[in-house]
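So the chains spell out like this:
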Amino acid sequence: TVDDNEMLLIKNSNDLEATYTNGNSTSPAVDVNDGSWHIVLVSATASNGFVDFKVDGSETLGAVTSGFELDPNGTLWLGHQQTTPNATPVSGAGFEGEIAEVIAYGEYLTNIRRRILTNYLSAKFDITISNDIYAGDDNANGDYDFDVAGIGRSLGTSHTLATSAGVTLDDAPGDISSDGEYLMFGHNNASATVVDSPGDVQTGVEQRWNRDWYIDKTTTGSLGTRISFDLEAVGGLFPQVADDYVL
């Protein structure tokens, strides 16, 4: 806001530092100034002052004084902090580096949602992480790096529905019941069109979706799910009779 800096991340230091409401700060002593790309997730709850840092999937905890409030009418600054009361840049306080993507949520994400988010970013930017649950982005598996999403369970909390680029995975059978169970998926970025060349479809099939998807299951046993496809993503050219489909 024009009165104070209500949240800062990485301030005048090589280490990460999260500051809330001018000076209410914590630092995990994690250095991200090493010339490499990193995935940084920061979550905080005002009720208890809990701050969670995840850097490339590795977690470090911090704490600040509880009860801080962020002004919902404030201004988001990237790569700089403001001064008061005129909301002008602070000399010499600019971020020196590159920021590829910023994602902000208005709620505290559960551990399972943060893990899925980290894997999405890892696949997209080819960054090694410690909590990797998706092998489809590996070169040996075909580099299914795009629009990665998933469902699963971690620390007693489940995420049971995921939709990405026309595909939905739903834990309709209720099979996701234990921590460490995940179903992740992504595609190869082929055009969302149809293929009808005789050599590219099986006998008895007239057309197939050009885009390929990779689904990764982390458990060794069975794990059911309901898979839905939005066939309007291929230009609305789809059979009207359900029995005309094969998978």
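Residues numbered from 1 in each chain as written. Predicted model: local features only at pLDDT ≥ 70, side-chain atom pairs only at ≥ 80, totals over all residues. Heavy atoms only, no water.

Engineer: How should the sheet that holds strand E15 (residues 226-229) be read in this particular structure?
Structural biologist: Sheets are built from strands paired through backbone hydrogen bonds, the pairs being either parallel or antiparallel. As summarised here, the arrangement of the three strands in space is E9-E10-E15, forming an open sheet in which the pairing is antiparallel. Each edge of the open sheet is held by one strand with a lone partner, namely strand E9 (161-164) and E15. Direction aside, the axes of adjacent strands within the sheet are offset by 15° on average. Relative to strand E10 (residues 167-170), E9 is paired through four bridges, and the arrangement is antiparallel. Bridge pairing in E10 links Thr 163 to Thr 168. (Pairing = 2+ DSSP bridges. Helix = DSSP H or I, 4+ residues; strand = E, 2+ residues; numbered from the N terminus. Axes fitted to C-alpha atoms, helices over the stretch in contact; angles between N-to-C directions.)

Engineer: Teacher, can you tell me more about unusual backbone geometry here?
Structural biologist: Excluding glycine, residues mostly have negative phi values, and the peptide bonds linking residues are mostly trans. One non-glycine residue with positive phi stands out, namely Asp 126, at about 55°. One can find Asp 126 in the loop between helix H1 (111-125) and strand E7 (146-154). Note on Asp 126: relative accessible area 68%, which makes it exposed. The phi dihedral of Leu 155 is positive, around 50°, even though this residue is not glycine. Here Leu 155 is to be found in the loop between E7 and strand E8 (157-159). For Leu 155, a relative accessible area of 68% puts it in the exposed group. (Buried < 20%, exposed > 50% of the residue type's maximum accessible area, 1.4 Å probe, protein only.)

Engineer: I keep staring at the pattern of salt bridges and nothing clicks. Help me out?
Structural biologist: When charged atoms on two side chains of opposite charge get close, those side chains can pair. For the structure on display, the rule yields six salt bridges. In this structure, Arg 113 engages Glu 107 in a salt bridge whose closest nitrogen and oxygen atoms are separated by 3.2 Å. The residue Arg 153 makes a salt bridge to Asp 179 at a minimum N-O spacing of 3.2 Å. Here Arg 153, found in strand E7, pairs with Asp 179, found in the loop between E10 and strand E11 (182-187); they are 26 residues apart in sequence, far enough to count as distant. Asp 179 gets classed as partly exposed once you look at its relative accessible area, which sits at 45%. (Salt bridge = Lys/Arg side-chain N within 4 Å of Asp/Glu carboxyl O.)

Engineer: Looking at this structure, I do not really get the nonpolar core. What am I missing?
Structural biologist: For soluble globular proteins, the rule of thumb is that nonpolar side chains tend to be buried together. With eleven residues, the main nonpolar core is built from Ala 149, Ile 151, Ala 162, Val 167, Leu 169, Ile 176, Leu 183, Phe 185, Trp 209, Trp 213 and Leu 223. When residues no more than four places from it in sequence are discounted, the contact partners of Leu 183 are Ala 149, Gly 150, Ile 151, Leu 169, Ile 215, Asp 216, Lys 217, Leu 223, Gly 224 and Thr 225. Within the second largest apolar cluster, ten residues are counted, among which are Leu 16, Tyr 20, Phe 53 and Val 64. (Core = buried A, V, L, I, M, F, W, Y, C linked by side-chain atoms within 4.5 Å. Contact = heavy atoms within 4.5 Å.)

Engineer: I'm lost on the layout of surface pockets in this one. Help?
Structural biologist: To locate leftover empty space, one rolls a probe as large as a water molecule over the atoms. Size it by volume and the second largest pocket reaches roughly 960 Å³. Lining the second largest pocket are 24 residues, with Gln 207, Arg 208, Trp 209, Tyr 245 and Val 246 positioned closest to its centre. Sorting the residues of the lining of the second largest pocket by element identifies strand E13 (208-209) and E15 as the ones contributing at least two each. Within the lining of the second largest pocket, the residues separate by chemical class into 15 nonpolar, three polar and six charged. (1 Å grid on protein atoms, 1.4 Å probe; cavity = no way out; pocket = protein on both sides within 12 Å on 5 of 7 lines; lining within 4 Å. Points joined across faces, edges and corners; volume = space filled by probe spheres on them. Nonpolar A, V, L, I, M, F, W, Y, C, P; charged D, E, K, R; others polar.)

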